Amino acid sequence: GPGQRWQGQHCCTCQPRSNQGQAPLKLPARTVRMCRKKARLASAGKWRFEMGFKYIPLIIAGLAVTAWGMPAAYRLRAPWHILAALAALAGVLAILAGTLLLTVPNFF
């Protein structure tokens, strides 16, 4: 037929948000297609803002700390080389966390 049955949540104002206790509404096929298109466009915009470009400084800081900590762990004297090694490890962890947050939205 020229329409589809649609229940529950909906992406735009062509139907109430909830129709609990009522029979499913029969919407014209064009309306359903347009609403799904709006939902896809909205989710594409959401993806762009959730991409997390704000985590790029975390990656850069992790690279800087790792670049300092690796040679410093060999160059510094006895108790201080441990701190440099821990800083290098923290830098690697910052790089990994920043990369995951940048590329996989809502990873943590």
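Structure first, text after, so check above.
Residues numbered from 1 in each chain as written. Predicted model: local features only at pLDDT ≥ 70, side-chain atom pairs only at ≥ 80, totals over all residues. Heavy atoms only, no water.

Visitor: Can you walk me through helix α3 (residues 78-103) in this structure?
Guide: Since the α-helix turns once every 3.6 residues, residues separated by three or four places project in the same direction. In this model α3 runs 39 Å from its N-terminal to its C-terminal C-alpha over 26 residues, within 8% of the 38 Å that 1.5 Å per residue would give. Buried residues in α3 make contact with α2 (56-75). (Helix = DSSP H or I, 4+ residues; strand = E, 2+ residues; numbered from the N terminus. Expected span 1.5 Å × (residues − 1). Contact = heavy atoms within 4.5 Å.)

Visitor: It is not clear to me how the environment of Ala72 should be interpreted in this structure. Could you clarify?
Guide: Summarising the element assignment, Ala72 is placed in helix α2. Measuring from C-alpha to C-alpha, the distance between Ala72 and Ala87 comes to 9.7 Å, with 15 residues separating the pair along the chain.

Visitor: Looking at this structure, how should I read the environment of Ala88?
Guide: Mapping Ala88 onto the fold places it in helix α3. Spatially, the C-alpha atom of Ala88 lies 4.3 Å from that of Thr66, the residues being 22 residues apart in sequence. Not counting the four nearest positions on each side in its chain, Ala88 is found in contact with Val65, Thr66, Gly69 and Met70.

Visitor: What's the story with the environment of Ala87 in this structure? I'm lost.
Guide: Relative to the helices and strands, Ala87 is located in helix α3. Aside from chain neighbours lying at most four places away, what touches Ala87 is Val65 and Trp68.

Visitor: Explain the packing of α2 against α3 here, please?
Guide: Describing two packed helices takes the angle between their axes plus the distance from one axis to the other. Running from amino to carboxyl end, α2 crosses α3 at an angle of 155 degrees, the nearest separation of the two axes being 7 Å. Relative to α3, α2 is oriented roughly antiparallel. Like other packed secondary-structure pairs, α2 and α3 cross with a definite hand, here left-handed. For the contact of α2 with α3, a count of residues per class yields 18 nonpolar, 7 polar and no charged. (Axes fitted to C-alpha atoms, helices over the stretch in contact; angles between N-to-C directions. Parallel < 35°, antiparallel > 145°, perpendicular 65-115°, else oblique. Left-handed = near helix turned anticlockwise from the far one by under 90°. Nonpolar A, V, L, I, M, F, W, Y, C, P; charged D, E, K, R; others polar.)

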